[in-house]
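Structural characterization, general
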Amino acid sequence: MPKAYVFTRYGGPETEAFVDVDRPSPGPGELLVAVRAAGVNPVDWKIRSGYVRPGDSGERVFPAVFGSEVSGVVAGTGAGVEGFAVGDEVFGSTLTGGYAEYALIPVAIAAHKPAELSHADAATLPVAAATAYDGVRQLDLPEGATLLVTGAGGGVGAAAVQIARALGMKVVGVSSEAKREFVQSLGAVHVASGPGWAERARATAPDAVYDLVGGEVLVEAAGLLTDRTKLITAGASDEDVRRLGGARVVRARDAAVLEEVARLVVAGDLDPHITGTFPLDRAADALRTVEEGHARGKTVIEVAR
């Protein structure tokens, strides 16, 4: 039977386990994908801990497979599927988790993988890169504007910096001192996080803020702007950011965004910066790398065939 890495209840790492699972059956409008690579994101361990993403019902059937993004090969199609066939290489967001040998992807949020793109790189795009792209486009800044990105050393942050740079913006990246060289390599002016970061950033005169941290960092970031409509976050709740006059990132969740971020990678404008790859049987190590904050860029699980 196919293997999957799951959590059996809400809690910490003690809830995690490998299990045998039935091979999923694609329903109408769904693709069954033989996974070749799965992206690892902070939201994975947060969901295990009980976090409910905006728009989710909060209802979960255990055991629940980790992961939200994969790249692989179509192994089956559900009723009504058009434009995809068995054997096609695809990537997208999952219905059934991605740390597994098989996953289900809705056709609406699946795209054909360009031949020039590796499965590992493609697996990093549906969550981090697409979130970054959606946020940068939502701000709708002109060329030459200055965008400040908090959490610039993480997966979404690194993608946001590069996408904004590709669109002609100046970017200020806030991250730990340990990630200074990495953030600078992306083309951003680095500001060290920690006490006093906002005062250090004030001299850069940002026109907009893309927050990926939340909490007090979001509050301090808001104080850098005169136009709070140019404050967006993927790191805080709707309620918290609305109190400050900003908004959460509105996710498009469609194939067009996936195709665009893939095009940016192929064109050389976006590097997923995969800094850690793990085989499926080391999924726990991959997740710990992200959960403990050691990852720079993206971490990927590769599934051997």
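This text goes with the structure placed above it.
In this text, all values refer to a predicted model and were calculated from it rather than measured experimentally.

Remark: helix H3 (residues 125-139) packs on helix H4 (residues 155-166), axes separated minimally by 8 Å, with the N-to-C direction vectors making an angle of 50°. Regarding the angle of H3 to H4, the classification is oblique. Crossing hand, H3 versus H4: right-handed. Residue-level contacts link Ala128, Ala129, Thr131, Ala132, Tyr133 and Val136 of H3 to Gly155, Val156, Ala159, Ala160, Ile163 and Ala164 of H4. A per-class count over the contact of H3 with H4 returns 10 nonpolar, 2 polar and no charged.

Attention now goes to the pattern of salt bridges. Applying the stated criterion to the full structure yields 15 salt bridges. In this structure, the salt-bridge partner of Asp238 is Arg248, at a minimum N-O distance of 3.8 Å. Of this pair, Asp238 sits in helix H8 (residues 238-243) while Arg248 sits in strand S14 (residues 247-248); the two residues are 10 residues apart in sequence, bridging distant segments of the chain. Asp238 gets classed as partly exposed once you look at its relative accessible area, which sits at 35%. What makes Arg248 buried here is its relative accessible area of 17%. Through salt bridges with shared partners, a single ionic network connects Glu16, Arg48, Arg288 and Glu291.

Once that is clear, we can look at the packing of aromatic side chains. Tallied over the full model, the rule gives 7 aromatic pairs. Seen in terms of ring centroids, Phe7 and Phe66 are 4.9 Å apart; in terms of plane orientation they differ by 50°. Their pairing is tilted. Highlighted residues: Phe7 in strand S1 (residues 3-7) and Phe66 in the loop between strand S4 (64-65) and strand S5 (69-77), separated in sequence by 59 residues. Here Phe7 and Phe66 have matching classes, each one buried. Ring geometry for Tyr10 versus Phe62: centroids 5.1 Å apart, planes at 90°, classification edge-to-face. Of this pair, Tyr10 sits in the loop between S1 and strand S2 (16-20) while Phe62 sits in the loop between helix H1 (42-48) and S4; the two residues are 52 residues apart in sequence, bridging distant segments of the chain. Residue Phe62 is classed as partly exposed on the basis of its relative accessible area of 32%. A network of ring pairs unites the aromatic residues Tyr5, Phe7, Tyr10, Phe18, Phe62, Phe66 and Tyr99 as a single cluster.

Counting 41 residues, the largest nonpolar core has Leu125, Val136, Leu147, Val149, Tyr210 and Leu270 as its most contacted members. Counting only elements with at least two residues in this core, the list comes to H3, strand S9 (146-150), H4, helix H5 (180-185), strand S12 (208-211) and helix H9 (255-267). Here this core gets 8 residues from one element, more than from any other, and that element is H3. Apart from residues lying up to four places away in sequence, Leu270 is in contact with Leu125, Ala129, Ala159, Gln162, Ile163, Val261, Leu264 and Val265.

Before going further, it helps to spend a moment on unusual backbone geometry. The omega torsion across Phe62 and Pro63 is 0°, close enough to zero to call that bond cis. Relative to the elements of secondary structure, Pro63 occurs in the loop between H1 and S4. For Ala205, which is not a glycine, the phi torsion comes out positive at approximately 50°. Relative to the elements of secondary structure, Ala205 occurs in the loop between helix H6 (197-202) and S12. With a relative accessible area of 48%, Ala205 lands in the partly exposed category.

Moving on: the environment of Val19. Summarising the element assignment, Val19 is placed in strand S2. When the C-alpha positions of Val19 and Met1 are compared, they lie 9.2 Å apart, and in sequence the two are 18 residues distant. Sequence-distant contacts of Val19, defined by excluding residues within four places in its chain, comprise Pro2, Lys3, Ala4 and Val6.

Burial analysis of strand S6 (residues 89-93) places 4 of its 5 residues in the buried class, which makes it a mostly covered element. Here S5 pairs with S6 via 5 bridges, running antiparallel. Counterpart to Glu69 in the pairing with S6 is Ser93. Pairing of S6 with strand S8 (residues 110-112), which is carried by 3 bridges, proceeds in the antiparallel orientation. By the bridge assignment, Val90 is partnered in S8 with His112.

The subject of this paragraph is the packing of H3 against H9. Packed helices, taken two at a time, are described by the angle their axes make and the gap between the axes. Where H3 meets H9, the closest approach of the two axes is 10 Å, and the angle between their N-to-C directions is 95°. As the angle between them shows, H3 and H9 are arranged roughly perpendicular. Contacts between H3 and H9 involve Leu125, Pro126, Ala129, Ala130, Tyr133 and Asp134 from the first element and Val257, Leu258, Glu260, Val261, Ala262, Leu264 and Val265 from the second.

Moving on, we come to the sheet that holds strand S13 (residues 231-233). On the basis of which strands lie adjacent, the open sheet formed by 6 strands has the order S11-S10-S9-S12-S13-S14 and parallel pairing. Only two strands of the sheet have a single partner each, and these edge strands are strand S11 (189-192) and S14. Direction of pairing for S13 relative to S14: parallel, over a ladder of 2 bridges. Its bridge partner lying in S14, Ile232 is registered against Ala247.

Calculation rules
Residues numbered from 1 in each chain as written. Predicted model: local features only at pLDDT ≥ 70, side-chain atom pairs only at ≥ 80, totals over all residues. Heavy atoms only, no water. Axes fitted to C-alpha atoms, helices over the stretch in contact; angles between N-to-C directions. Helix = DSSP H or I, 4+ residues; strand = E, 2+ residues; numbered from the N terminus. Parallel < 35°, antiparallel > 145°, perpendicular 65-115°, else oblique. Left-handed = near helix turned anticlockwise from the far one by under 90°. Contact = heavy atoms within 4.5 Å. Nonpolar A, V, L, I, M, F, W, Y, C, P; charged D, E, K, R; others polar. Salt bridge = Lys/Arg side-chain N within 4 Å of Asp/Glu carboxyl O. Buried < 20%, exposed > 50% of the residue type's maximum accessible area, 1.4 Å probe, protein only. Phe/Tyr/Trp six-rings, centres within 6.5 Å; stacked < 30°, edge-to-face > 60°. Core = buried A, V, L, I, M, F, W, Y, C linked by side-chain atoms within 4.5 Å. Pairing = 2+ DSSP bridges.

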